[in-house]
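Here is how the chains run, residue by residue.
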Amino acid sequence: PTKHGGEPCGRTEETEACNLQSCNRNCVLGRWGHWSTCNKGCGGGHRMRERPVTKPALGMGRCPSPTHRSRRRFRRCNTIPCWRLATQQKRMLECKSKVDLVLVVDSSGSLGQYGWAQSKKLSVSLVNAFSKVKKADIKIALLEFSSRRKT
């Protein structure tokens, strides 16, 4: 009841339901990503694809580990033996992978002129095999060693 001829007030309380969802929720996985490039040019490598977590687990909800089969898959690739790719016309394979390469070359006098020439020729061939790799993806070092020639 109102006093002094006033108007009655409207509702003095409001109720709204909230947080009706379960406190526990398993994570939600997204779509499979694209297959990666093969990690080897020959001799049997693998390609990989993954599924990202689009909604994390809540409370006691579960989520498979990043390496679980439901989130990461592998597929074999480039299974042809490497020796089959090295034909008579192409004795050196070309590499397109990220790599660090250290060439250790014997430059001692015991090789003789012919042996030293062959060592240099092989070193150049190995370095040239990486010509298709982006400069930022390869590091090449050359370590030359020798000892005194015994007389």
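Please read all numbers here as calculations on a predicted model, not as lab measurements. (Residues numbered from 1 in each chain as written. Predicted model: local features only at pLDDT ≥ 70, side-chain atom pairs only at ≥ 80, totals over all residues. Heavy atoms only, no water.)

Scanning the entire structure with this criterion turns up 2 disulfides. Each sulfur in the disulfide pair Cys-27 and Cys-63 lies 2.1 Å from the other. As the torsion about the S-S bond is roughly 80 degrees, the Cys-27-Cys-63 disulfide counts as right-handed. Taken together, the residues span a long stretch of sequence, with Cys-27 in the segment before strand S1 (28-29) and Cys-63 in the loop between strand S3 (53-55) and strand S4 (72-77) at a distance of 36 residues. Covalently, Cys-38 is tied to Cys-77 through a disulfide, its sulfur atoms 2.0 Å apart. Across the disulfide from Cys-38 to Cys-77, rotation about the S-S bond amounts to roughly 85 degrees, and the bridge is consequently right-handed. Remark: Cys-77 occurs in strand S4 and Cys-38 occurs in the loop between S1 and strand S2 (45-50); sequence separation between them is 39 residues. Relative accessible area serves as the criterion here: at 22%, Cys-38 is assigned to the partly exposed category. Look at Cys-77 and you get buried, because its relative accessible area is 9%. (Disulfide = S-S within 2.5 Å. Helix = DSSP H or I, 4+ residues; strand = E, 2+ residues; numbered from the N terminus. Buried < 20%, exposed > 50% of the residue type's maximum accessible area, 1.4 Å probe, protein only.)

What follows is about unusual backbone geometry. Phi is positive for Asn-78, close to 45 degrees, though the residue is something other than glycine. One can find Asn-78 in the loop between S4 and helix H1 (82-85). Owing to a relative accessible area of 35%, Asn-78 belongs among the partly exposed residues under this scheme.

Bringing the environment of Leu-29 into the picture now. When you line up the elements, Leu-29 lands in strand S1. Through-space distance from the C-alpha of Leu-29 to that of Pro-64 is 9.3 Å; in sequence the pair is 35 residues apart. When sequence neighbours within four positions are dropped, the list of residues in contact with Leu-29 reads Arg-51, Pro-52, Val-53, Thr-54, Pro-64, Ser-70 and Arg-71. (Contact = heavy atoms within 4.5 Å.)

Moving on to the pattern of salt bridges. Under the criterion given, the structure shown has 1 salt bridge. When the shortest N-O distance is used, the salt bridge between Glu-50 and Arg-72 registers 2.8 Å. One end of the pair, Glu-50, is in strand S2; the other, Arg-72, is in strand S4, with 22 residues separating them in the sequence. (Salt bridge = Lys/Arg side-chain N within 4 Å of Asp/Glu carboxyl O.)

Our next topic: a nonpolar patch on the surface. A cluster of nonpolar side chains, namely Val-102, Val-104, Leu-143 and Phe-145, defines an oily patch on the protein surface of about 380 Å² accessible area. Of all the secondary structure elements, the ones that give two or more residues to the nonpolar patch are strand S5 (99-106) and strand S6 (138-145). Tracing the backbone through its elements, the reader meets Phe-145 in strand S6. (Patch = residues over 30% accessible without salt bridge, like charges linked within 9 Å, V, L, I, M, F, W, Y side chains within 5 Å. Areas by Shrake-Rupley, 256 points an atom, 1.4 Å probe, with all protein chains shown as cover.)

As far as function goes, none of this settles anything; it's purely spatial.
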